[in-house]
Amino acid sequence: MKTRVAAALMTTLAAAPAAAELTRSDGGGFVSTHRLVIAAPPEKVWDTIARPSLWWSKDHTYSGNAANISWDTRPGGCWCETLDGGAVEHGRTVYAVRGKALRLSGAFGPLQSGAVTATMTFALKPDGQGTTLTVTYVVGGFHPAGLATLAAPVDGVIAAQMPGLKAAAERAE
């Protein structure tokens, strides 16, 4: 009986969604952290992260098409989106070490309309045959709507991207 209970628990844990947490939220800012294990080596996960058009949801774009998103992962490079008659800069690369970490500075979505500084870090760590990915978004500053009010919706948007990122990185090519 104990063996069946342990097996059921292991199956449940293996199928569990990525760990996500709004680790801090107050009037001055918030921290959103998402952790997941991906069945792919760190270099492949890094390469996938660097191509958001493969995994970012079209529902969270200005253009309605994730194919319009690109990321130049060299320092100073743009995470940008082309629009009909224009473009939007979502962030700029500030740190990049292939297979280990990617970091960008940028206020995504509704955060852009405030006086907000935001940094998103994708940290990769080898985990057996795969990779543990930790995505941390640290946001601070002022927004007329209140950063504490925006924390949960922004955290939800990041959480919504994690299944697509995992699936894209695990696809055989």
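Structure shown above.
Residues numbered from 1 in each chain as written. Predicted model: local features only at pLDDT ≥ 70, side-chain atom pairs only at ≥ 80, totals over all residues. Heavy atoms only, no water.

(A) Up close: the overall build of the protein. Counting secondary structure elements, the protein contains three helices and eight strands. From first element to last, N terminus to C terminus, the protein shows the α and β order α-β-β-α-β-β-β-β-β-β-α. A burial count over the protein gives 38% of its 173 residues as buried. For the protein, the share of sequence-separated contacts (at least 6 apart) that also reach a separation of at least 24 residues comes to 51%. Looking at the protein as shown, the accessible area adds up to about 9,100 Å², and 58% of this sits on carbon and sulfur atoms. (Helix = DSSP H or I, 4+ residues; strand = E, 2+ residues; numbered from the N terminus. Buried < 20%, exposed > 50% of the residue type's maximum accessible area, 1.4 Å probe, protein only. Contact = heavy atoms within 4.5 Å. Areas by Shrake-Rupley, 256 points an atom, 1.4 Å probe, with all protein chains shown as cover.)

(B) Quick look at the nonpolar core. Core analysis: the biggest nonpolar cluster contains 36 residues, and Ile-49, Leu-111, Phe-122, Leu-133 and Tyr-137 have the highest contact counts within it. Secondary structure elements with two or more residues in this core: β2 (29-38), α2 (42-49), β3 (69-71), β6 (101-105), β7 (115-127), β8 (130-142) and α3 (147-170). Looking at this core, the element that brings in the most residues is α3, giving nine residues. Residues in contact with Tyr-137, not counting those within four places in the same chain, are Phe-30, Val-31, Ser-32, Gly-106, Ala-107, Phe-108, Leu-111, Ala-118, Thr-119, Met-120, Val-154 and Ile-158. (Core = buried A, V, L, I, M, F, W, Y, C linked by side-chain atoms within 4.5 Å.)

Any functional reading would require information that these geometric values do not contain.
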